[in-house]
Amino acid sequence: MTDLRTVVSEIAQEMAGRSERGTVAHYIPELACVDPARFGIAVMLADGTQIAAGDCDEPFSIQSVSKVFTLTLALGKVGDGLWRSVGREPSGNAFNSIVQLEQEQGRPRNPFINAGALVVTDTILSGHQPREALGEILRFLHFITGDDGIGIDEAVAASEKQTGYRNAALANYMKSFGVLDNPVAHVLGVYFHHCAIAMSCRQLASATRYLAFLGRNPDTGHSVISVERARRINALMLTCGHYDGSGEFAFRVGLPGKSGVGGGIIAVVPGIASVAVWSPGLDPVGNSRLGTEALEMLARRMHWSVFG
Ligand code: GLN
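What counts, and where the lines are drawn
Residues numbered from 1 in each chain as written. Predicted model: local features only at pLDDT ≥ 70, side-chain atom pairs only at ≥ 80, totals over all residues. Heavy atoms only, no water. Pairing = 2+ DSSP bridges. Helix = DSSP H or I, 4+ residues; strand = E, 2+ residues; numbered from the N terminus. Axes fitted to C-alpha atoms, helices over the stretch in contact; angles between N-to-C directions. Contact = heavy atoms within 4.5 Å. Phe/Tyr/Trp six-rings, centres within 6.5 Å; stacked < 30°, edge-to-face > 60°. Buried < 20%, exposed > 50% of the residue type's maximum accessible area, 1.4 Å probe, protein only. Salt bridge = Lys/Arg side-chain N within 4 Å of Asp/Glu carboxyl O. Near = heavy atom within 4 Å. Polar contact = N/O pair within 3.5 Å; in protein donor to acceptor, adjacent residues only side chain to side chain. Areas by Shrake-Rupley, 256 points an atom, 1.4 Å probe, with all protein chains shown as cover. Nonpolar A, V, L, I, M, F, W, Y, C, P; charged D, E, K, R; others polar. Parallel < 35°, antiparallel > 145°, perpendicular 65-115°, else oblique. Left-handed = near helix turned anticlockwise from the far one by under 90°. Expected span 1.5 Å × (residues − 1).

Colleague: If you had to explain the sheet that holds strand β1 (residues 40–45) to someone new, which residues and values would you point to?
Modeller: With antiparallel pairing, five strands are arranged side by side in an open sheet as β2-β1-β8-β7-β6. Each edge of the open sheet carries a strand with a single partner, namely β2 (50–54) and β6 (257–259). Mean inter-strand twist for the sheet, computed between neighbouring axes without regard to direction, equals 10°. Summarising the sheet, β1 and strand β8 (residues 273–278) pair through six bridges and their orientation is antiparallel. Across the sheet, the residue bridging to Val43 is Val275, located in β8. Against the sheet, helix α1 (residues 4–16) contacts β1 and β2, and its axis sits at roughly 20° relative to β2.

This is how it looks when you write it as C-alpha coordinates:
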(Lines give C-alpha, C1' and ligand atoms only; values in the text may rest on other atoms or scores of the structure.)
Protein backbone atom coordinates (compact mmCIF):
# COMPACT_ATOMS: atom_id res chain seq x y z
CA MET A 1 0.00 0.00 0.00
CA THR A 2 1.13 3.52 -0.75
CA ASP A 3 2.80 4.96 2.31
CA LEU A 4 0.53 7.63 3.80
CA ARG A 5 3.42 9.44 5.49
CA THR A 6 5.21 9.86 2.20
CA VAL A 7 2.04 11.06 0.46
CA VAL A 8 1.24 13.62 3.19
CA SER A 9 4.75 15.04 3.27
CA GLU A 10 4.92 15.22 -0.53
CA ILE A 11 1.61 17.07 -0.64
CA ALA A 12 2.86 19.60 1.93
CA GLN A 13 6.08 20.10 -0.05
CA GLU A 14 4.23 20.53 -3.29
CA MET A 15 1.80 23.06 -1.78
CA ALA A 16 4.59 25.08 -0.16
CA GLY A 17 5.99 25.77 -3.63
CA ARG A 18 2.77 26.90 -5.29
CA SER A 19 2.45 30.51 -6.37
CA GLU A 20 -1.23 30.47 -7.40
CA ARG A 21 -2.86 30.24 -3.98
CA GLY A 22 -6.28 31.92 -4.42
CA THR A 23 -7.45 34.99 -2.49
CA VAL A 24 -7.98 35.25 1.27
CA ALA A 25 -11.48 36.27 2.43
CA HIS A 26 -11.66 40.05 2.54
CA TYR A 27 -15.22 40.62 3.63
CA ILE A 28 -14.23 39.73 7.20
CA PRO A 29 -11.40 42.26 7.73
CA GLU A 30 -9.60 40.16 10.35
CA LEU A 31 -9.35 37.22 7.91
CA ALA A 32 -7.80 39.47 5.26
CA CYS A 33 -4.68 39.70 7.48
CA VAL A 34 -3.94 35.96 7.35
CA ASP A 35 -0.78 34.96 5.49
CA PRO A 36 -1.79 33.13 2.25
CA ALA A 37 1.48 31.18 2.30
CA ARG A 38 0.29 28.95 5.15
CA PHE A 39 -0.56 25.32 4.47
CA GLY A 40 -1.34 22.55 6.92
CA ILE A 41 -2.62 18.98 6.70
CA ALA A 42 -3.51 16.31 9.27
CA VAL A 43 -4.84 12.79 8.72
CA MET A 44 -6.09 10.77 11.69
CA LEU A 45 -6.45 7.01 11.41
CA ALA A 46 -8.67 4.56 13.32
CA ASP A 47 -5.94 3.72 15.84
CA GLY A 48 -5.50 7.41 16.70
CA THR A 49 -2.27 7.89 14.76
CA GLN A 50 -1.99 11.36 13.28
CA ILE A 51 0.06 11.95 10.18
CA ALA A 52 0.49 15.65 9.67
CA ALA A 53 2.68 18.18 7.89
CA GLY A 54 3.18 21.90 7.26
CA ASP A 55 1.38 24.35 9.58
CA CYS A 56 -0.66 21.54 11.10
CA ASP A 57 -0.44 22.90 14.66
CA GLU A 58 -1.35 26.48 13.84
CA PRO A 59 -4.90 27.45 14.91
CA PHE A 60 -6.98 29.20 12.23
CA SER A 61 -10.54 30.47 11.97
CA ILE A 62 -12.70 27.41 11.24
CA GLN A 63 -15.63 29.55 9.98
CA SER A 64 -18.22 27.36 8.22
CA VAL A 65 -16.52 24.11 9.22
CA SER A 66 -18.19 24.83 12.59
CA LYS A 67 -21.57 24.27 10.90
CA VAL A 68 -20.95 20.51 10.95
CA PHE A 69 -20.59 20.55 14.73
CA THR A 70 -23.56 22.86 15.31
CA LEU A 71 -25.69 20.65 13.04
CA THR A 72 -24.66 17.62 15.11
CA LEU A 73 -25.70 19.43 18.30
CA ALA A 74 -29.00 20.70 16.90
CA LEU A 75 -29.95 17.21 15.67
CA GLY A 76 -29.08 15.89 19.13
CA LYS A 77 -31.38 18.47 20.67
CA VAL A 78 -34.47 18.34 18.45
CA GLY A 79 -33.89 15.28 16.23
CA ASP A 80 -35.56 15.12 12.85
CA GLY A 81 -37.83 18.02 13.83
CA LEU A 82 -34.98 20.21 12.60
CA TRP A 83 -35.97 19.39 9.00
CA ARG A 84 -39.22 21.29 9.42
CA SER A 85 -37.28 24.54 9.25
CA VAL A 86 -34.31 23.66 7.05
CA GLY A 87 -34.02 21.54 3.89
CA ARG A 88 -31.53 19.00 2.62
CA GLU A 89 -30.95 20.05 -0.97
CA PRO A 90 -27.94 21.73 -2.54
CA SER A 91 -28.72 25.40 -3.13
CA GLY A 92 -26.72 25.94 -6.31
CA ASN A 93 -26.10 29.44 -4.97
CA ALA A 94 -23.43 31.32 -3.03
CA PHE A 95 -23.15 30.52 0.69
CA ASN A 96 -24.52 33.94 1.66
CA SER A 97 -27.23 34.17 -1.01
CA ILE A 98 -30.71 35.44 -0.11
CA VAL A 99 -32.60 34.80 -3.38
CA GLN A 100 -34.18 31.42 -2.62
CA LEU A 101 -35.49 32.50 0.77
CA GLU A 102 -38.26 34.61 -0.70
CA GLN A 103 -39.54 31.88 -3.02
CA GLU A 104 -39.26 29.20 -0.35
CA GLN A 105 -40.96 31.09 2.52
CA GLY A 106 -37.82 31.63 4.54
CA ARG A 107 -36.91 27.92 4.80
CA PRO A 108 -33.24 27.58 3.82
CA ARG A 109 -32.22 24.88 1.36
CA ASN A 110 -29.71 23.15 3.66
CA PRO A 111 -27.92 23.54 7.02
CA PHE A 112 -24.55 24.53 5.51
CA ILE A 113 -25.43 27.70 3.61
CA ASN A 114 -25.45 30.68 5.95
CA ALA A 115 -29.24 30.93 6.17
CA GLY A 116 -29.51 27.25 7.13
CA ALA A 117 -26.69 27.52 9.64
CA LEU A 118 -28.44 30.49 11.26
CA VAL A 119 -31.54 28.29 11.73
CA VAL A 120 -29.33 25.59 13.27
CA THR A 121 -27.80 28.17 15.62
CA ASP A 122 -31.31 29.38 16.55
CA THR A 123 -32.22 25.79 17.48
CA ILE A 124 -29.21 25.43 19.77
CA LEU A 125 -29.98 28.81 21.31
CA SER A 126 -33.59 28.05 22.26
CA GLY A 127 -33.96 27.85 26.04
CA HIS A 128 -30.47 29.28 26.59
CA GLN A 129 -28.66 32.56 26.89
CA PRO A 130 -26.16 33.16 24.04
CA ARG A 131 -23.25 32.55 26.42
CA GLU A 132 -24.64 29.16 27.44
CA ALA A 133 -25.23 28.14 23.81
CA LEU A 134 -21.63 28.99 22.95
CA GLY A 135 -20.47 27.11 26.03
CA GLU A 136 -22.36 24.07 24.79
CA ILE A 137 -20.72 24.25 21.35
CA LEU A 138 -17.25 24.57 22.88
CA ARG A 139 -17.89 21.79 25.40
CA PHE A 140 -18.89 19.48 22.54
CA LEU A 141 -15.62 20.24 20.74
CA HIS A 142 -13.64 19.69 23.95
CA PHE A 143 -15.46 16.39 24.48
CA ILE A 144 -14.91 14.97 20.98
CA THR A 145 -11.26 16.05 20.81
CA GLY A 146 -10.28 15.63 24.47
CA ASP A 147 -8.68 19.07 24.10
CA ASP A 148 -9.89 21.83 26.42
CA GLY A 149 -7.63 24.37 24.75
CA ILE A 150 -10.01 25.02 21.84
CA GLY A 151 -11.51 28.51 22.05
CA ILE A 152 -12.89 31.50 20.19
CA ASP A 153 -10.83 34.18 18.46
CA GLU A 154 -12.68 37.23 19.77
CA ALA A 155 -11.02 39.58 17.25
CA VAL A 156 -12.45 37.55 14.36
CA ALA A 157 -15.91 37.42 15.97
CA ALA A 158 -15.89 41.21 16.50
CA SER A 159 -14.64 41.79 12.96
CA GLU A 160 -17.45 39.73 11.45
CA LYS A 161 -20.04 41.35 13.69
CA GLN A 162 -18.99 44.78 12.41
CA THR A 163 -19.30 43.82 8.75
CA GLY A 164 -21.91 41.03 8.86
CA TYR A 165 -24.60 42.92 6.96
CA ARG A 166 -25.48 39.98 4.74
CA ASN A 167 -25.94 37.60 7.62
CA ALA A 168 -28.00 40.25 9.44
CA ALA A 169 -30.16 40.55 6.32
CA LEU A 170 -30.61 36.76 6.10
CA ALA A 171 -31.53 36.49 9.79
CA ASN A 172 -33.98 39.40 9.68
CA TYR A 173 -35.57 38.06 6.53
CA MET A 174 -36.07 34.61 8.05
CA LYS A 175 -37.38 36.19 11.24
CA SER A 176 -40.06 37.92 9.14
CA PHE A 177 -41.26 34.46 8.04
CA GLY A 178 -41.30 33.26 11.65
CA VAL A 179 -38.50 30.78 10.96
CA LEU A 180 -36.26 32.00 13.84
CA ASP A 181 -37.53 31.73 17.42
CA ASN A 182 -34.88 33.79 19.19
CA PRO A 183 -33.94 37.47 18.90
CA VAL A 184 -32.00 38.11 15.69
CA ALA A 185 -29.14 39.77 17.61
CA HIS A 186 -28.69 36.66 19.77
CA VAL A 187 -28.71 34.29 16.78
CA LEU A 188 -26.15 36.43 14.95
CA GLY A 189 -23.97 36.79 18.04
CA VAL A 190 -23.75 33.03 18.60
CA TYR A 191 -23.27 32.38 14.87
CA PHE A 192 -20.40 34.87 14.51
CA HIS A 193 -18.73 33.43 17.60
CA HIS A 194 -18.96 29.79 16.56
CA CYS A 195 -17.59 30.71 13.11
CA ALA A 196 -14.70 32.40 14.95
CA ILE A 197 -13.62 29.24 16.79
CA ALA A 198 -9.89 28.71 16.19
CA MET A 199 -8.53 25.21 15.67
CA SER A 200 -5.49 23.60 14.07
CA CYS A 201 -5.60 20.89 11.41
CA ARG A 202 -4.66 18.34 14.05
CA GLN A 203 -7.53 19.43 16.29
CA LEU A 204 -10.00 19.46 13.39
CA ALA A 205 -8.98 16.00 12.16
CA SER A 206 -9.57 14.76 15.68
CA ALA A 207 -12.96 16.53 15.95
CA THR A 208 -14.09 14.95 12.66
CA ARG A 209 -13.37 11.39 13.75
CA TYR A 210 -16.88 10.47 14.85
CA LEU A 211 -18.08 11.06 11.27
CA ALA A 212 -15.52 8.65 9.84
CA PHE A 213 -16.23 5.87 12.34
CA LEU A 214 -19.98 5.25 12.48
CA GLY A 215 -20.66 8.03 14.97
CA ARG A 216 -18.18 6.66 17.51
CA ASN A 217 -14.81 7.43 18.93
CA PRO A 218 -12.88 4.38 17.66
CA ASP A 219 -10.43 4.50 20.64
CA THR A 220 -13.02 4.21 23.36
CA GLY A 221 -15.93 2.79 21.35
CA HIS A 222 -18.08 5.53 22.93
CA SER A 223 -20.92 6.70 20.74
CA VAL A 224 -21.11 10.43 19.95
CA ILE A 225 -24.13 10.09 17.65
CA SER A 226 -25.98 7.19 16.05
CA VAL A 227 -24.61 5.55 12.92
CA GLU A 228 -27.66 6.72 10.93
CA ARG A 229 -27.07 10.31 11.93
CA ALA A 230 -23.37 10.13 11.08
CA ARG A 231 -24.25 8.81 7.64
CA ARG A 232 -26.73 11.59 7.07
CA ILE A 233 -24.35 14.34 8.11
CA ASN A 234 -21.80 12.83 5.73
CA ALA A 235 -24.41 12.79 2.95
CA LEU A 236 -25.11 16.47 3.54
CA MET A 237 -21.40 17.29 3.53
CA LEU A 238 -21.04 15.53 0.20
CA THR A 239 -24.02 17.26 -1.42
CA CYS A 240 -23.90 20.70 0.25
CA GLY A 241 -20.57 21.06 2.11
CA HIS A 242 -18.92 23.23 -0.53
CA TYR A 243 -21.89 25.38 -1.55
CA ASP A 244 -22.01 25.91 -5.28
CA GLY A 245 -18.74 23.99 -5.56
CA SER A 246 -20.15 20.80 -3.99
CA GLY A 247 -20.54 18.96 -7.28
CA GLU A 248 -17.00 19.86 -8.27
CA PHE A 249 -15.63 18.74 -4.89
CA ALA A 250 -17.45 15.39 -5.12
CA PHE A 251 -16.13 14.97 -8.66
CA ARG A 252 -12.53 15.84 -7.84
CA VAL A 253 -12.13 14.51 -4.28
CA GLY A 254 -14.95 11.98 -3.93
CA LEU A 255 -15.27 12.32 -0.15
CA PRO A 256 -17.75 14.11 2.15
CA GLY A 257 -16.18 17.44 3.10
CA LYS A 258 -16.94 20.82 4.62
CA SER A 259 -15.13 24.03 3.85
CA GLY A 260 -14.86 27.39 5.59
CA VAL A 261 -13.78 30.84 4.38
CA GLY A 262 -10.85 30.69 6.81
CA GLY A 263 -9.39 28.22 4.29
CA GLY A 264 -10.00 25.05 6.29
CA ILE A 265 -11.63 21.89 4.93
CA ILE A 266 -12.51 18.70 6.80
CA ALA A 267 -13.03 15.45 4.93
CA VAL A 268 -14.22 12.00 5.89
CA VAL A 269 -12.90 8.67 4.59
CA PRO A 270 -15.50 6.31 6.07
CA GLY A 271 -13.96 3.56 8.19
CA ILE A 272 -10.42 4.74 7.44
CA ALA A 273 -9.59 8.31 8.38
CA SER A 274 -10.61 11.87 9.12
CA VAL A 275 -8.68 14.65 7.42
CA ALA A 276 -8.21 18.40 7.85
CA VAL A 277 -6.38 20.76 5.53
CA TRP A 278 -5.78 24.50 5.69
CA SER A 279 -4.69 27.02 3.09
CA PRO A 280 -6.23 30.51 3.44
CA GLY A 281 -6.45 31.40 -0.26
CA LEU A 282 -9.93 30.74 -1.67
CA ASP A 283 -11.35 29.95 -5.10
CA PRO A 284 -14.15 32.15 -6.51
CA VAL A 285 -16.84 30.07 -4.75
CA GLY A 286 -15.14 30.56 -1.34
CA ASN A 287 -13.51 27.17 -0.88
CA SER A 288 -9.79 26.75 -0.14
CA ARG A 289 -8.02 26.48 -3.45
CA LEU A 290 -4.94 24.53 -2.37
CA GLY A 291 -6.90 22.72 0.34
CA THR A 292 -9.12 21.23 -2.35
CA GLU A 293 -6.12 20.33 -4.48
CA ALA A 294 -4.38 18.73 -1.52
CA LEU A 295 -7.43 16.58 -0.78
CA GLU A 296 -7.70 15.64 -4.44
CA MET A 297 -4.06 14.47 -4.43
CA LEU A 298 -4.48 12.62 -1.14
CA ALA A 299 -7.63 10.82 -2.29
CA ARG A 300 -6.14 9.90 -5.65
CA ARG A 301 -2.84 8.62 -4.29
CA MET A 302 -4.43 6.67 -1.40
CA HIS A 303 -7.30 5.39 -3.60
CA TRP A 304 -9.77 6.87 -1.12
CA SER A 305 -13.31 7.51 -2.40
CA VAL A 306 -16.87 6.90 -1.30
CA PHE A 307 -17.64 5.92 -4.89
CA GLY A 308 -15.83 2.59 -4.92
N1 GLN B 1 -18.79 33.37 9.04
C2 GLN B 1 -18.81 33.28 7.62
C3 GLN B 1 -20.02 33.99 7.05
O4 GLN B 1 -21.05 33.93 7.62
C5 GLN B 1 -18.84 31.83 7.23
C6 GLN B 1 -18.91 31.62 5.73
C7 GLN B 1 -18.07 30.48 5.27
O8 GLN B 1 -17.15 30.01 5.92
N9 GLN B 1 -18.36 30.03 4.08
O10 GLN B 1 -19.97 34.64 6.06
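Still to come is the rest of the account.
Colleague: Please give an account of the packing of aromatic side chains that cites residues and values.
Modeller: If you walk through the whole model with that rule in mind, you get six aromatic pairs. Between Phe95 and Tyr243, the aromatic rings sit 5.2 Å apart at their centres with planes inclined by 50°, giving tilted as the arrangement. Placement of the pair is Phe95 in the loop between α2 (66–78) and α3 (99–103) and Tyr243 in the loop between α11 (227–240) and α12 (246–252), with a sequence separation of 148 residues. Taken individually, Phe95 and Tyr243 each receive the classification buried, so the pair is uniform in this respect.

Colleague: Got a sec to walk through the sheet that holds strand β5 (residues 197–199)? Specific residues and values, please.
Modeller: If you walk across this open sheet you meet the three strands as β3-β5-β4, and the pairing is antiparallel. If you trace the sheet from one side to the other, it starts and ends with β3 (60–61) and β4 (151–152), each paired once. As paired strands, β3 and β5 are joined by two bridges and run antiparallel to one another. Paired with Ser61 across the bridge in β5 is Ala198. Each of β4 and β5 touches helix α5 (residues 130–145); the most contacted strand, β5, lies at about 15° to it.

Colleague: Which residues make up the pattern of salt bridges, and what values do they have?
Modeller: Within this structure, the stated rule accounts for ten salt bridges. As a salt-bridge pair, Arg38 and Asp55 come within 3.2 Å of each other at their nearest N and O atoms. Of this pair, Arg38 sits in the loop between α1 and β1 while Asp55 is found in the loop between β2 and β3, placing the two residues 17 residues apart along the sequence. Under the relative-accessibility criterion, Arg38 is labelled partly exposed at 22%. Taking relative accessible area as the criterion, Asp55 reaches 22% and is therefore assigned partly exposed. Arg252 is the salt-bridge partner of Glu296, the closest N and O atoms lying 2.9 Å from each other.

Colleague: How would you sum up the pairing of β1? Please name residues and give values.
Modeller: Of all six residues that make up β1, five are buried, and the element is covered over most of its length. Sheet topology places β1 next to β2; five bridges connect them, and they run antiparallel. When the sheet's bridge partners are listed, Ile41 is paired in β2 with Ala53. Remark: four residues form the turn of the hairpin made by β1 and β2, two consecutive strands paired antiparallel; Gly48 in that turn has positive phi of roughly 95°.

Colleague: Would you mind going over the site of the ligand in detail, with residue names and values included?
Modeller: Around the ligand, the surrounding shell consists of Tyr27, Gln63, Ser64, Phe95, Asn114, Glu160, Asn167, Tyr191, Cys195, Tyr243, Gly260 and Val261. With respect to the ligand, the side chain of Tyr27 contributes an N or O atom lying 2.5 Å from an oxygen atom. For the ligand, an oxygen atom lies 2.6 Å from a polar atom in the side chain of Ser64. For the ligand, whose unbound accessible area comes to 300 Å², protein coverage reaches 100%. Of the residues that constitute the shell around the ligand, the class distribution is six nonpolar, five polar and one charged.

Colleague: A description of the packing of α2 against α11 should follow, citing residues and the corresponding values.
Modeller: Put simply, α2 and α11 touch, their axes get as near as 11 Å, and they point 140° apart. On the basis of the axis angle, α2 is oblique to α11. When the axes of α2 and α11 are compared, the crossing they make is right-handed. Packed against α2, whose contacting residues are Val68, Leu71, Thr72, Leu75 and Gly76, the element α11 presents Arg229, Ile233, Leu236 and Met237 at the interface.

Colleague: Please give an account of the environment of Val224 that cites residues and values.
Modeller: Looking at where Val224 falls in the secondary structure, it is placed in the loop between α10 (209–212) and α11. Residues within four places of Val224 in sequence aside, it is in contact with Phe140, Phe143, Ile144, Tyr210, Gly215, Arg216 and Asn217.

Colleague: Can you break down α11 residue by residue, with the values?
Modeller: In an α-helix, one turn spans 3.6 residues, which is why side chains three or four residues apart end up on the same side. For α11, spanning 14 residues, the distance from its first C-alpha to its last is 20 Å, which sits close to the expected 20 Å at 1.5 Å a residue. All of the buried residues along α11 are Ala230, Ile233, Asn234, Leu236, Met237, Leu238 and Cys240.

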